[in-house]
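# Overview (structure and organization)
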Amino acid sequence: ECFSLWNGYEVKTIGDAFMVAFENTCDAVSFSLSVQESLVEAPWPEELLRLDHCSYNDDGPWCGLRVRIGVHCGEVDAQLNSLTGRYDYFGNTVNKTARMEGACIGGAVAVTPEVMDELREREEVDVLDAVVISMGSTKFKGIEQHVRPFLLLPLSLLDRRTFIESQLLLSREDRRIKVQQ
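What counts, and where the lines are drawn
Residues numbered from 1 in each chain as written. Predicted model: local features only at pLDDT ≥ 70, side-chain atom pairs only at ≥ 80, totals over all residues. Heavy atoms only, no water. Helix = DSSP H or I, 4+ residues; strand = E, 2+ residues; numbered from the N terminus. Buried < 20%, exposed > 50% of the residue type's maximum accessible area, 1.4 Å probe, protein only. Contact = heavy atoms within 4.5 Å. Areas by Shrake-Rupley, 256 points an atom, 1.4 Å probe, with all protein chains shown as cover. pLDDT = per-residue confidence, 0-100. Pairing = 2+ DSSP bridges. Axes fitted to C-alpha atoms, helices over the stretch in contact; angles between N-to-C directions. Phe/Tyr/Trp six-rings, centres within 6.5 Å; stacked < 30°, edge-to-face > 60°. Polar contact = N/O pair within 3.5 Å; in protein donor to acceptor, adjacent residues only side chain to side chain. Core = buried A, V, L, I, M, F, W, Y, C linked by side-chain atoms within 4.5 Å.

Secondary structure assignment for the protein yields six helices and eight strands. Looking at the protein as a whole, 39% of its 181 residues qualify as buried. Restricting the contact set of the protein to residue pairs at least 6 apart, pairs at least 24 apart contribute 61%. Surface summary for the protein: the accessible area is close to 10,900 Å², and the carbon and sulfur share equals 50%.

Let's shift gears to the side chain of D88. The residue D88 is located in strand β5 (residues 87-90) in this model. D88 has contacts with V11, K12, M19, D77, A78 and Q79, leaving out every residue within four places of it along the chain.

So, on to the confidence of the model for the protein. Considering every residue of the protein, the mean pLDDT works out to 86; 90% of them sit at 70 or more. For residues 175-181, every residue scores under 50 in pLDDT, and the model assigns this stretch two contacts once sequence neighbours within four places are set aside.

We now examine the sheet that holds strand β7 (residues 130-134). The sheet built from four strands is open, its strands ordered β3-β6-β8-β7 with mixed pairing. Each having just a single partner strand, β3 (69-71) and β7 make up the two edges of the open sheet. Direction aside, neighbouring strands of the sheet carry axes that sit 30 degrees apart on average. In this structure, strand β6 (residues 109-111) lies alongside strand β8 (residues 150-154), joined through three bridges in antiparallel fashion. Following the sheet pairing, V111 is matched in β8 by F150.

Strand direction decides the pairing type here: strand β4 (residues 77-80) and β5, joined by four bridges, are antiparallel. Bridge pairing in β5 places D77 opposite F90.

Another point: the packing of aromatic side chains. Evaluation of the coordinates by the stated rule reveals two aromatic pairs. Where F22 meets F31, the ring centres are 5.0 Å apart and the plane angle is 45 degrees; that geometry is what we call tilted.

Take T93: it is sitting in helix α4 (residues 92-103). Using a relative accessible area of 11% as the deciding quantity, one classes T93 as buried. A distance of 2.7 Å separates a polar atom in the side chain of T93 from the backbone oxygen of E75. Ignoring anything within four residues of it in the chain, the contact list for T93 reads H72, C73, G74, E75 and V76.

Turning to the nonpolar core, a few remarks are in order. Residues V29, V71, V109, V111, V115 and L152 are the most contacted members of the largest nonpolar core, which totals 19 residues. Sort the elements by how many residues they give to this core and helix α2 (residues 25-41) lands first, with seven residues. Excluding residues that lie within four positions of it along the chain, V109 makes contacts with S32, L33, Q36, I69, V71, C104, F150, L151 and L152. Membership of the second largest hydrophobic core comes to 16 residues, among which are W62, M100, A108 and L168.

Right under this line is the structure:
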């Protein structure tokens, strides 16, 4: 449902992940935020909702799975898959997007500085109804320079902020420990 609303193109699935392409950055971010909101409203099985991390609790409005979403923008190498008849995407943009997803805290959306710059240039960052949380400077595999990504959290899910920020602090501490070893 969210794919068509925001003009998304499902490129492929990779394990339990989806690769989705969009015509523009604002559509990609809007899609991502709407997915996080939709997951709270989805009719999840009762067995799943009995699990601590899948139900409403003191950490904010959680209902169902905690999904990580990463967004980056840029040029890609698009190649038609002769077997499926669908396009697949390759290159640094795809790699950086995957790194954003991996760095994300479940229940939020991780975006690159390039995404934030694009939204600011188009004056669309204020219309997203999201809070922006800096993730600090991070080094990612396959990316030469440090990146300063951001987490986006829909305003409708603002009660998640304290939990998201505490998880972010824990992940920063994990990175410091690994660097010191």
